[in-house]
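Letter by letter, the chains look like this.
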Amino acid sequence: MSELATFIQLGFRHIVDISAMDHILFLLALAAIYRFRDWRSTLWVVTAFTVGHSITLGLAVTGLLTISPGLVEFLIPLTIMITAVENIIVRDRGRTLWSGRYRPVFAGVFGLVHGAGFASYLKSLFVDHVALPLFGFNVGIEIGQVVVLVAAFSALYGIDRAIAWLRPPPSAPAPLRLRVLAVSSLVAVVAAHWAIERAPW
Amino acid sequence: MVMPHGVKCSLTLAFVLAAMALATGPNEANAHPLHTTLAQLTYHDHERALEGSIRVFAGDFAAAVAKRKHFAMPNDDRVSDADAMAYLQDTFRFTDADGHAVPLSWCGSRRAGDVLWLCVRASNVAPPNALELSDQMLCELFDDQINIVQAVSGTRHASMLFTKGDGAKSAM
């Protein structure tokens, strides 16, 4: 196997593993407001997230940026919680800033935080030559994220079916809104629990 | 305010799933650790010697050795050379074309921050392309352990990746 393929596998396995639940939940929170036909918007948001985490990963691994790992571990669930709460608060995206098109920007900013989380481990192990491992690891993470998103959309479809089966009364919010509320409440509660658990004070 | 039935169901479902996720989610202080070791193998043709430099997180390595030896985890992550070598002989194994284990000798260790560098050497040995390697370091601790091995012999380079339960693979 080539060195590049090895690190692509490392990144891929790192993101699709169950212990990557924080990143998986973040992707779920990002995807929660979209239908499958909105895949382009989802891809934009996820690509912005990847660009964000690639920047800090690169800066941190090369030593140009030093961030306290404890602070990063606390900020990661905070970004997840904010994303989920934003999903709950914003009912009509057409009436928000840039008609809701700010989501790639904040996914990119939050990606900066998540990239710093990956960095501390890579920096320790790959001290001598870092460019290829870093590139391969990032490609693997991107591929893994696409796989996670496909799984997330399947899960969201299942939730949509469950809501349809429950036959909410006509006075209830639209099915998509119910799904956003259910998924985002779940993600917000879990992320808040992690944030409290990892608080640096 | 009366909450609509559908909203109630959605929120109940969300909180049941949240409770399940909390029960099974990552609880370690460090949320999403990268469980990885990196071994670099260099074959010295003229000496017929194979040298391995293995990087491992010191805390993880000390925990794995302690688990194997059934003793308490040391506070300072220190592992004696003898214990480290015994652990490597069990988990980082070369076999030759006849299926015989290739004896490894210890050539030292060095600590750099969180990372421990371990050095092993095999003398009078065939080139890596005639050997098989099994690397199951730390797999008894972590189900998501990934061990990377990079081998260099003359102008040839190869990389391997081992996960829990993987068998031996050609070392080049």
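Residues numbered from 1 in each chain as written. Chains lettered and ligands numbered in written order. Predicted model: local features only at pLDDT ≥ 70, side-chain atom pairs only at ≥ 80, totals over all residues. Heavy atoms only, no water.

Comments concerning the overall build of chain B
So, step 1. Assigned secondary structure in chain B consists of 3 helices and 9 strands.
So, step 2. Burial status across chain B gives 47% buried among its 172 residues.
So, step 3. Element-wise, carbon and sulfur atoms account for 54% of the exposed surface of chain B, whose accessible area totals about 8,300 Å². (Helix = DSSP H or I, 4+ residues; strand = E, 2+ residues; numbered from the N terminus. Buried < 20%, exposed > 50% of the residue type's maximum accessible area, 1.4 Å probe, protein only. Areas by Shrake-Rupley, 256 points an atom, 1.4 Å probe, with all protein chains shown as cover.)

Quick look at the packing of aromatic side chains
So, step 1. Across all of its chains, the model carries 7 aromatic pairs over all chains by this definition.
So, step 2. Aromatic pair A:Phe26 and A:Phe49: ring centres 4.9 Å apart, planes at 45 degrees, arrangement tilted. Taken together, the residues A:Phe26 in helix H2 (residues 21–31) and A:Phe49 in helix H3 (residues 39–61) connect sequence positions 23 residues apart. Taken as a pair, A:Phe26 and A:Phe49 share a single burial class, namely buried.
So, step 3. Taken together, a centroid distance of 5.4 Å and an interplanar angle of 90 degrees make the contact between B:Phe61 and B:Tyr87 edge-to-face. Separated by 26 residues along the polypeptide, B:Phe61 in helix H2 (residues 58–69) and B:Tyr87 in helix H3 (residues 81–91) bring together distant segments of the chain. With respect to class, B:Phe61 is no different from B:Tyr87; both count as buried.
So, step 4. Taken together, the ring pairs connect A:Phe26, A:Phe49, A:Tyr102, A:Phe106 and A:Phe110 into an aromatic cluster. (Phe/Tyr/Trp six-rings, centres within 6.5 Å; stacked < 30°, edge-to-face > 60°.)

Re the state of the cysteines
All names here are of chain B.
So, step 1. For the coordinates displayed, the defined rule picks out 1 disulfide over all chains.
So, step 2. The disulfide partner of Cys107 is Cys119, and the S-S distance across this bridge is 2.0 Å. Here Cys107 and Cys119 share a disulfide; its torsion about the S-S bond, -80 degrees, makes the bridge left-handed. Pair noted here: Cys107 is in strand S4 (residues 105–112) and Cys119 is in strand S5 (residues 115–122), with a separation of 12 residues, a long-range link.
So, step 3. By relative accessible area, Cys107 is classed as partly exposed at 35%.
So, step 4. Taking the relative accessible area as the measure of exposure, Cys119 reaches 17% and is therefore buried. (Disulfide = S-S within 2.5 Å.)

Let's talk about the sheet that holds strand S7 (residues 146–153) of chain B
Residue and element names in this part refer to chain B.
So, step 1. Pairing in this open sheet of 6 strands is mixed, and the strands run S4-S5-S2-S1-S7-S8 from one edge to the other. Pairing within the sheet leaves two strands with one partner each, and these edge strands are S4 and strand S8 (156–163). Strand after strand, the sheet turns through a mean of 15 degrees between neighbouring axes, direction not considered.
So, step 2. Note that strand S2 (residues 49–57) and S5 share 8 bridges and pair antiparallel. Bridge pairing links Arg55 to Trp117 in S5. (Pairing = 2+ DSSP bridges. Axes fitted to C-alpha atoms, helices over the stretch in contact; angles between N-to-C directions.)

Quick word on the pairing of strand S6 (residues 132–135) of chain B
All names here are of chain B.
So, step 1. Pairing between strand S3 (residues 92–95) and S6: 4 bridges, direction antiparallel. If you follow Arg93 over to S6, its bridge partner there is Ser134.
So, step 2. Here 2 bridges tie S6 to strand S9 (residues 169–170), and the two strands are oriented antiparallel to one another. Note that in S9 the partner of Glu132 across the bridge is Ser170.

Overview of the pairing of S7(B)
Residues and elements named next belong to chain B.
So, step 1. For S7, the buried fraction is high: 7 of the 8 residues fall into the buried class.
So, step 2. With 8 bridges joining them, strand S1 (residues 36–44) and S7 adopt parallel strand pairing. Looking at the pairing, Leu38 lines up with Ile148 of S7.
So, step 3. Inspection of the sheet shows S7 paired to S8 by 8 bridges, in the antiparallel sense. What sits directly across from Ile148, in S8, is Leu161.
So, step 4. The antiparallel pairing of S7 with S8 creates a hairpin that spans 2 residues between the two strands, and Gly154 there sits at a positive phi of about 60 degrees.

Function cannot be read off these values alone, since they describe shape.
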